[in-house]
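Residues per chain, in single letters:
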Amino acid sequence: MLELIVFASGRGSNLMAIQDEIENGRLKGNIRAVVSNRRDAPALAYATEKGFNVIYDDPNGEGGRTGYEKRVLREVERIGSDCIALAGYMLMLGGKFIREYGKPIVNIHPSLLPAFPGLNAQKKALDYGVRFSGCTVHYVDEGMDTGPIIAQKPVPVLDTDDEESLAGRILEEEHKLYPEVLTLMAQGRIHRIDRKVYIDLLDERYFR
Ligand code: GRF
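Residues numbered from 1 in each chain as written. Predicted model: local features only at pLDDT ≥ 70, side-chain atom pairs only at ≥ 80, totals over all residues. Heavy atoms only, no water.

Caption draft 1: Region of the structure containing the pattern of salt bridges. The final tally for this structure, using the stated rule, is 13 salt bridges. With its nearest N and O atoms 3.3 Å apart, the salt bridge here joins E142 to R99. With a gap of 43 residues between them, E142 in the loop between β6 (132-139) and β7 (149-156) and R99 in helix α4 (residues 95-101) connect regions that are remote in the sequence. Across the pair E173 and K153 runs a salt bridge, and its minimum N-O distance is 3.2 Å. With E173 in helix α6 (residues 163-186) and K153 in strand β7, this residue pair connects regions lying 20 residues apart in the sequence. Because the salt bridges share partners, they merge into one network encompassing K153, E173 and K176. (Salt bridge = Lys/Arg side-chain N within 4 Å of Asp/Glu carboxyl O. Helix = DSSP H or I, 4+ residues; strand = E, 2+ residues; numbered from the N terminus.)

Caption draft 2: Molecular detail of the packing of aromatic side chains. Taken as a whole and assessed by the stated rule, the structure comprises four aromatic pairs. Between the aromatic rings of F7 and F97, the centroid separation amounts to 6.0 Å while the plane-to-plane angle is 75°, which identifies the pairing as edge-to-face. Placement of F7 in strand β1 (residues 2-7) and of F97 in helix α4 is noted, with a sequence separation of 90 residues between them. The two residues F7 and F97 agree in class, both being buried. Measuring from ring centre to ring centre gives 6.4 Å for Y46 and F52, while their planes differ by 75°; the resulting arrangement is edge-to-face. Y46 gets classed as buried once you look at its relative accessible area, which sits at 10%. Looking at F52, the relative accessible area reads 15%, which means it is buried. Stacked on the ring of Y139, the Lys or Arg R192 has its end atom at 4.8 Å from the ring centre. (Phe/Tyr/Trp six-rings, centres within 6.5 Å; stacked < 30°, edge-to-face > 60°. Buried < 20%, exposed > 50% of the residue type's maximum accessible area, 1.4 Å probe, protein only. Lys NZ or Arg CZ within 6 Å of the ring centre and 35° of its normal.)

Caption draft 3: Geometry of the site of the ligand. Around the ligand, a shell composed of R11, G12, S13, N14, G88, I108, H109, P110 and E174 is seen. One nitrogen or oxygen atom from the main chain of G12 is found 2.8 Å from an oxygen atom belonging to the ligand. Taking I108, its main chain carries an N or O atom lying 3.0 Å from a nitrogen atom of the ligand. Relative to its free-state accessible area of 370 Å², the ligand is covered by the protein chains to the extent of 87%. Across the shell around the ligand, the residue classes tally to two nonpolar, five polar and two charged. When residues of the shell around the ligand are assigned to domains, at least three fall in each of domain 1 (1-103) and domain 2 (109-136 + 153-208). (Near = heavy atom within 4 Å. Polar contact = N/O pair within 3.5 Å; in protein donor to acceptor, adjacent residues only side chain to side chain. Areas by Shrake-Rupley, 256 points an atom, 1.4 Å probe, with all protein chains shown as cover. Nonpolar A, V, L, I, M, F, W, Y, C, P; charged D, E, K, R; others polar. Domains from an automatic or database assignment.)

Here it is in structure tokens:
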């Protein structure tokens, strides 16, 4: 059973996709809490509706970002988890948080990293003129979308694409890839040695 804490700042569609995979029984996991830096995040409204533990804190509150991360870490440790999954979490986590948490932190990003890290990845891909973009699930380190890559899914860029259409097709793949990676993690099939990640793919379902 993979005990997860999901961090989300916005819409929460990846959070929902993860929860759907738990509810349909494929992902043997449990969302123990949802953390957000935005009180009005739709992700938090969904989490509340689902009856999850909801943790909101203000990064501009006492002690600034340092105080915020300290308080969040205290809550995260109190709740307990095997893994933190960032799903549209719009803040970078500090090194101290990452080190002190000490367990895997993963993120999903809407490009084929290392291309187009940071914000507006879909627009950057369109402006650059690449023929393929996609999504990446990776471990989180202190850099901006620089951690070891676990899995990627390419998505073709069409001549007719605008930012919205490309983002929509990438998002569809995100909703499959992220739960799949967490499922593999729950099964103990993801192994990391420094920057290299090895996955035991014994089940052809994961080749789709
Ligand atoms: C996704 O595109 C994800 O890749 C990026 O932020 C977006 C979050 O969407 N990190 P949602 O909040 O999960 O709907």
